[in-house]
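# Architecture and fold: a report
The residues making up each chain are set out below.
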Amino acid sequence: MFVSIKWLGRHVDLTGIAPEDLARELTLRTAEVEGCEPFAPHLGAITVGLVRERVAHPDADRLSVCTVEIGAEEPLTIVCGAPNVRAGLKVAVATVGTVLPGDFKIKKAKIRGQASSGMICSLAELDLGADHDGIWELPEEAPVGSDLASALGLEDWVLEIDNKSLTHRPDLWGHRGLAREVAAIFGRPLLPLDTSIPACGAGPPPQVTIEESAAELCPRYLALALDGVRVEPSPLWLRCLLAAAGQRPLDLLVDLSNFVMLDLGQPNHLFDRAAVADGIEVRRAAAAEEMVTLDEGRHTLGSEDLLICSGQRPVALAGVMGGADSKVAPETRELLLEVANFHGTTVRRTAMRTGLRSESSARFEKNLDGELVPAAAGHLVRTLLSIQPEVTLPSPPMDVGVYATPDLSVELSPEMVRERLGVELDDNHISTSLASLGFDITAANGVYSVGVPSWRATKDISIAEDLVEEVGRLHGYDNIPPRPLVGELTPPLHDARRTLVEALQDRLAGGARFHEVLGYSFLHAELCERLGICDQPHVRLVNPVAEGEDRVRRSVLPSLLGRLEINRRQRERVAIFEIGKGYLPEEPGDRGQPREIHELGLAWSVPPSDKGAAFDDGAFSRLAGVMEDLLAQLGFGCASFVGLAPDAGRPAWAHPGRGALCSLADGTAVGFIAELEPGLHRPLGLMDDLVSDVACATLSLDALLAAEKPAFRPRKLPRFPETKVDVALACPAAMPAGDLAAMIERAGKGLVGDLELFDLYRGANLPTGQKSLAWHLRLRAEDRTLGENDVARFLGRLERAAAAADCTLRRD
Amino acid sequence: MEAHAELRDEALARLAACTELAELRSVEKDYLGPEGAIGALLASIPSLPKEERPKVGAAANRLKKELEAGLDKARGELETARVAAERAGGDFDPSLPPRRAARGSLHPLTKVRREVERIFSSMGYDIADGPEVELDYYNFQALNIPVDHPSREMQDTFYCDEEHHLVMRTQTSPVQIRVMEQRQPPFRLIAPGRVFRNEEQDATHNHTFHQVEGLVVGEGIQVGHLTGTLKGFLAELFQRQVQVRLRPGYFPFVEPGFELDVACPFCDEKGGTCRVCKGVGWVEFCGCGLVHPEVLAAGFGGRDDVDLDKLTGFAFGFGLDRLVMLRYGLDDIRNLMGGDLRFLEQF
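Parameters at a glance
Residues numbered from 1 in each chain as written. Chains lettered and ligands numbered in written order. Predicted model: local features only at pLDDT ≥ 70, side-chain atom pairs only at ≥ 80, totals over all residues. Heavy atoms only, no water. Helix = DSSP H or I, 4+ residues; strand = E, 2+ residues; numbered from the N terminus. Rg over C-alpha atoms; globule rule 2.2 N^0.38 Å. Contact = heavy atoms within 4.5 Å. Areas by Shrake-Rupley, 256 points an atom, 1.4 Å probe, with all protein chains shown as cover. Lys, Arg positive; Asp, Glu negative; His and termini not counted. Charge placed at Lys NZ, Arg CZ, Asp CG, Glu CD. Buried < 20%, exposed > 50% of the residue type's maximum accessible area, 1.4 Å probe, protein only. Pairing = 2+ DSSP bridges. Axes fitted to C-alpha atoms, helices over the stretch in contact; angles between N-to-C directions. Parallel < 35°, antiparallel > 145°, perpendicular 65-115°, else oblique. Nonpolar A, V, L, I, M, F, W, Y, C, P; charged D, E, K, R; others polar. Domains from an automatic or database assignment. Core = buried A, V, L, I, M, F, W, Y, C linked by side-chain atoms within 4.5 Å. pLDDT = per-residue confidence, 0-100. Phe/Tyr/Trp six-rings, centres within 6.5 Å; stacked < 30°, edge-to-face > 60°. Polar contact = N/O pair within 3.5 Å; in protein donor to acceptor, adjacent residues only side chain to side chain. Buried area = accessible area lost by both parts, 1.4 Å probe. Salt bridge = Lys/Arg side-chain N within 4 Å of Asp/Glu carboxyl O.

What follows is about the overall build of chain A. Counting its secondary structure elements, chain A contains 21 helices and 40 strands. Over its C-alpha atoms chain A spans a radius of gyration of 42 Å, topping by over 25% the 28 Å that the globule rule assigns to 812 residues. Dimensions along the principal axes, computed over C-alpha positions, put chain A at roughly 125 × 85 × 55 Å. Long-range pairs, those at least 24 residues apart, make up 70% of the contacts in chain A between residues at least 6 apart in sequence. For chain A, the accessible area works out to roughly 36,700 Å², and carbon and sulfur atoms hold 50% of it. Between the mean site of the 83 positive side-chain charges and the mean site of the 117 negative ones, chain A shows a separation of 8 Å.

Residue and element names in this part refer to chain B. The buried fraction of strand 9 (residues 311–319) amounts to 7 of the 9 residues, a majority that puts the element mostly inside the structure. One ladder, built from 9 bridges, connects strand 5 (residues 208–219) with strand 9; its direction is antiparallel. Residue pairing in the sheet places Leu215 in a bridge with Ala315 of strand 9. The sheet contact formed by strand 8 (residues 282–291) and strand 9 spans 5 bridges and is antiparallel. By the bridge assignment for strand 9, Gly287 is matched with Gly317.

This paragraph deals with the environment of Val56(B). All names here are of chain B. Counting through the fold element by element, Val56 comes out in helix 4 (residues 53–88). Spatially, the C-alpha atoms of Val56 and His4 are 7.1 Å apart, while their sequence positions differ by 52 residues. Setting aside residues up to four positions removed in sequence, Val56 forms contacts with His4, Leu41, Ile45 and Leu48.

Turning our eyes to something else, we now look at the sheet that holds strand 12 (residues 157–161) of chain A. Residues and elements named next belong to chain A. On the basis of which strands lie adjacent, the open sheet formed by 3 strands has the order 1-12-2 and antiparallel pairing. For this open sheet the edge positions go to strand 1 (2–4) and strand 2 (33–38), each flanked by a neighbour on one side alone. Along the sheet, successive strands turn relative to each other by an average axial angle of 25 degrees, direction set aside.

Turning next to the packing of helix 2 (residues 21–32) of chain B against helix 4 of chain B. All names here are of chain B. Between helix 2 and helix 4, the shortest axis-to-axis distance is 10 Å and the interhelical angle comes to 170 degrees. Relative to helix 4, the element helix 2 is oriented roughly antiparallel. Across from Leu21, Leu24, Val27, Glu28, Tyr31 and Leu32 in helix 2, the residues of helix 4 making contact are Lys64, Leu67, Glu68, Leu71, Ala74, Arg75 and Leu78. Residue composition of the contact of helix 2 with helix 4, grouped by class: 9 nonpolar, no polar and 4 charged.

Partitioning chain A into domains gives domain 1 (2–39 + 156–186), domain 2 (41–152), domain 3 (208–400), domain 4 (409–479), domain 5 (496–706) and domain 6 (723–810). For domain 4 of chain A and domain 5 of chain A, the distance between their C-alpha centres works out to 57 Å.

Leu412(A), Trp653(A), Val116(B) and Phe316(B) are the most contacted members of the largest nonpolar core, which totals 115 residues. In terms of residue count, helix 8 (residues 223–238) of chain B provides more of this core than any other element does, 7 residues in total. Those residues in contact with Val116(B) that sit more than four places away from it in its chain are Ile190(B), Val212(B), Phe233(B), Leu237(B), Phe318(B), Leu320(B) and Leu323(B). Leu135(B), Val175(B), Phe253(B) and Leu311(B) belong to the second-largest nonpolar core, a separate cluster that totals 38 residues.

Before going further, it helps to examine the pairing of strand 5 (residues 76–80) of chain A. Residue and element names in this part refer to chain A. Of all 5 residues that make up strand 5, 4 are buried, and the element is covered over most of its length. Bridge count for strand 4 (residues 64–69) against strand 5 is 5 bridges, and the pairing is antiparallel. The partner of Cys66 across the bridge, within strand 5, is Ile78. Hairpin connection from strand 4 to strand 5: 6 residues lie between these consecutive antiparallel strands, with Gly71 at a positive phi of about 85 degrees.

Right, let's talk about the sheet that holds strand 29 (residues 539–540) of chain A for a bit. Residue and element names in this part refer to chain A. Pairing within the open sheet is antiparallel, and its 3 strands lie in the order 28-30-29. Because the sheet does not close on itself, it has two edges, and the strands there are strand 28 (522–523) and strand 29. Of the pairings in the sheet, the one linking strand 28 to strand 30 (residues 551–552) comprises 2 bridges and is antiparallel in character. The residue bridging Phe522 from the neighbouring strand is Val552, located in strand 30.

With that out of the way, let us pick up the confidence of the model for chain B. Averaged over chain B, the pLDDT score is 90; the fraction of residues at 70 or greater is 97%. Across the predicted assembly, pTM comes out at 0.86 and ipTM at 0.86.

A few words now on the packing of aromatic side chains. Residue and element names in this part refer to chain A. Applying the stated criterion across every chain yields a total of 20 aromatic pairs over all chains. Ring plane angle 15 degrees and centroid distance 5.2 Å describe the contact between Trp7 and Phe259, whose orientation is recorded as stacked. Of this pair, Trp7 sits in helix 1 (residues 5–8) while Phe259 is found in helix 7 (residues 252–264), placing the two residues 252 residues apart along the sequence. Judged by its relative accessible area of 0%, Phe259 is buried. Aromatic pair Trp237 and Phe259: ring centres 5.8 Å apart, planes at 80 degrees, arrangement edge-to-face. Of this pair, Trp237 sits in helix 6 (residues 236–244) while Phe259 sits in helix 7; the two residues are 22 residues apart in sequence, bridging distant segments of the chain.

This part takes up the side chain of Arg283(A). All names here are of chain A. For Arg283, the location among the structural elements is in strand 16 (residues 280–284). For Arg283, a relative accessible area of 6% translates into the label buried. Engagement of the side chain of Arg283 in a polar contact is seen with the side chain of Glu289, the distance being 2.8 Å. A distance of 2.9 Å separates a polar side-chain atom of Arg283 from the backbone oxygen of Gln312. Not counting residues within four places of it along the chain, the set of residues in contact with Arg283 comprises Glu211, Ala214, Glu289, Asp305, Leu306, Leu307, Cys309 and Gln312.

With that settled, the discussion passes to the interface of chain B and chain A. The partner chain A presents 79 residues to the 89 residues of chain B that form the contact. Across the chain B/chain A interface, buried area totals approximately 7,000 Å², and carbon plus sulfur atoms make up 54% of it. Between chain B and chain A we count 7 salt bridges in total. The closest approach of N and O atoms between Asp129(B) and Arg497(A), which form a salt bridge, is 3.0 Å. Joining chain B to chain A, the criterion identifies 38 residue pairs in polar contact (both at pLDDT 80 or more). Sorting elements by how many residues they give to the side of chain B that touches chain A places helix 8 of chain B first, with 7 residues. Considered class by class, the residues forming the side of chain B that touches chain A number 37 nonpolar, 29 polar and 23 charged.

Bringing the domain arrangement of chain B into the picture now. Assigned domains within chain B: domain 1 (2–88) and domain 2 (108–344). Placing a centre on the C-alpha atoms of domain 1 of chain B and another on those of domain 2 of chain B gives a separation of 84 Å.

Attention now moves to unusual backbone geometry. Note that the residue after Pro185(B), namely Pro186(B), is joined by a cis bond; omega there is 0 degrees. Mapped onto the elements, Pro186(B) comes out in the loop between helix 7 (174–182) and strand 4 (187–196). Following Glu255(B), the chain continues to Pro256(B) via a peptide bond in cis, the omega torsion being -5 degrees. Within the secondary structure layout, Pro256(B) lies in strand 7 (residues 254–263). Notably, Lys749(A) is not glycine yet its phi reads approximately 45 degrees, a positive angle. For Lys749(A), the position within the fold is in the loop between helix 20 (737–748) and strand 38 (752–761). With a relative accessible area of 64%, Lys749(A) lands in the exposed category. Here the phi dihedral of Gln239(B) falls at roughly 60 degrees; this positive angle occurs in a residue that is not glycine. For Gln239(B), the location among the structural elements is in the loop between helix 8 and strand 6 (244–248). By relative accessible area, which is 60% here, Gln239(B) ends up exposed.

This is the structure:
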């Protein structure tokens, strides 16, 4: 909202208060002032000129060549197209180099062969009116050569106030309400304003009925007839105030209506009385009822919308916009003034549904003070009479509705104010502060009964804490000394999940050299389609940020997959992870909320490995190594990776044959790891230059938190030296390496301290259908140094076990 | 010449010719090793005539000692020469680009969140969490945001069902109620987390962002405690005293409500052309206030173990993304969730 400081000055004496100080004090005590700028600085650059001579342009009928004196030694020659330019007229001159609104820079020009250095301006060109018919005729007394702003007293400052900081303060949506704050802040009186409706004629008052079902939606409606009004341009003072407040001046009636709205915060409407001759009826719209608004927009309404009608015909969409048919025309003389109080939410919803949010609806939706209804009517009429004294009021106003003046008072103990604010304010200070804002205080037995003024009673003030705020902000929150919190010292609650998350993050970003990313919770339909997960149950947004972005993720992994391509373009190795939440709507909680899961997702993407690469060079193996390290580091012991039966369920992104459950030593499944489904490489953009080996994994934090950790017993240093032995076992190609490892462990009878696969071989020198796995073993015993006999006996046992399992111990 | 004398001459000649450690090892092996010449000489003694045995034996032992000493000396000289050669350096170039160590990274939001958590944790705050898909009740109703409040309109809130029963939480404040329902005052906590608003996106607004909620409930909580706490936090975070100012702000779940501004950490309240504070000199940091009685009633109502009349509290909420941007001088919030490693790997 834009606020004119000059306008504020109509309600409170601002002598000696700099605009910047006013802006700062309002910010610190009332509402955030976002801007503080001089009004229309271009007016200061315009010079008052006198047209000395005007001759017709030799080559153009409508142009004149003027000699204009501007107080400089040489008068200017200016070509002007206005019909009203004439010798002896005082005019507004924009000299060469001046920049007018719309970033229009005045340059030296030749117009039809005549040099012109400057421009004689119209009100519209200076943003002070709508009339393009001619130049602005300045008053006689304007001194030639002085700047326009000071010559006409147009200097002003404009404050821009953040509307959001006024959400709860309907009383601050007009200059008088803000002036009340300024008066209280600076300890100056609020100047009186007569808003009574002047004496009226004795004619029959306007007819107004409010349909019963609309009584709550329109608690108060006042209609007042006006005769003898002329539609003409507004006086300069009014145009300037409106322009400063960001409202373009149009004609007197529109301007007056806006003036009252911006002054008191109460919207109002002027009808052509002929268009509402059948009287006013306020009612809910019928289902699918149509109406055309002032802006020629056609709207289909419903019973939640409130209409102002005359003879069944809608003439206004209540609080939002007037109808096209009842618009005041230039020749209109007889008007009907509407000032009403409408239900805030109804107006807001109608404005939103129809897309017609306006200055009027913005005010109504804050729930306005019903006392403003007659005040705004009186203020408008009195202002109109000051400009057109011949206007008459043929009949008394009609003021109807269920509205009753609120009688609200709140109990407040001054002690509570001191306790909550933490400042020693004396009783007198507290009551004076409240009184300066219009609160009515009655003290009894150390407790105040605080009467709430009508402009604060609609929603804003209802409990003692609200009054603490009033005293606190006037005192200045900045004047409250900060102090440390005092409390019992106990260790903060232990949060196992947070500890787990941090351990995972640190290990992954550290030793594993993964990058942490954060992905959106919303999945795009396109990605879901590529991944084939559209059919899974998802929490769905009713109003997504963009078409198709309406699924809330079940798992963090799809978000990671969507990030592979952009990163593979930049680098060969992409190793990323995210720890986040997923939502499963098919398992709703007691109040219908989806089950929340916490998950770690990992994705690893590298260029495909060479044909001859080592068996453990692939993405799966490397990622499995990361998972194994993570689980070991977290104290879950040794993880195992167990292949899935072909018909077992698996995530949509997983390769059907190259995946495994990740399990803890006790068999609890805590995660899943797989290469990427081959059909997804192309849809995910991993083709051509970006062909990649991709492995992904998920780890359930919920499963890990529920799992029992084996007790951690660090190994003692061996007392006797180890013996290193390498063995190679040939076995059927389908036999899992895990089975061979188990066979070695069994044959070792406890002597195998460590075993590491170092070669996997398929090909020549082996029978068809066989592979050979070679292992480094470390044998050790707790009680002795192992001798050659121990090794020989171990190899003998291994050879027999191998033979029994269709394998061969290879000896070179 | 006797055999052992020949052996001695040969061994000393070979020793003298050695220029490398490997040659010394071979000399050692050939003469002193298990199958070496001196061993063989000693082994031959029993087969010698009785009178020669002591002489040969003594000569062999002498030779053994002589060779061992010679080897040690030669080794010492070679080592001294090696060290001297190493020290001479050669064409070492420290400015050759080093081999790059591969690295991982934590997300900047994680880093700053941890810092925030560490500071509050050190001041005795617990850390709480709450669901991102939230019930309307917790996100709005219990926070004194009535059904017709503008912030509930469609353009701000993502709704998860037609009945508007479930929402993507628009703030971390619902955690306040969830914690009140479960705990016994006094307590203090922060609740960092992800929140969602259906707003226009630009360099400073994203539909998904992160907040840190703070809540202190107890008896005798005052406005000064709130400013004292936040000032202390900011001083620790920025590692210097930070000017703050408190001004009125409206949030339905606090009364009185404030906005806390921080003197711009980039231009130090000087304003001017600073692009961070846009010349104002102050940066909006958080919304805060004393907990509204309606909120305390919603969270603790109907419990015998809580006396609502005595209960007070303060709450605050600030944007973590904004703090990250302030911290690192970033100009586009969308980079945080963009997943581009060229940006993220720097942290």
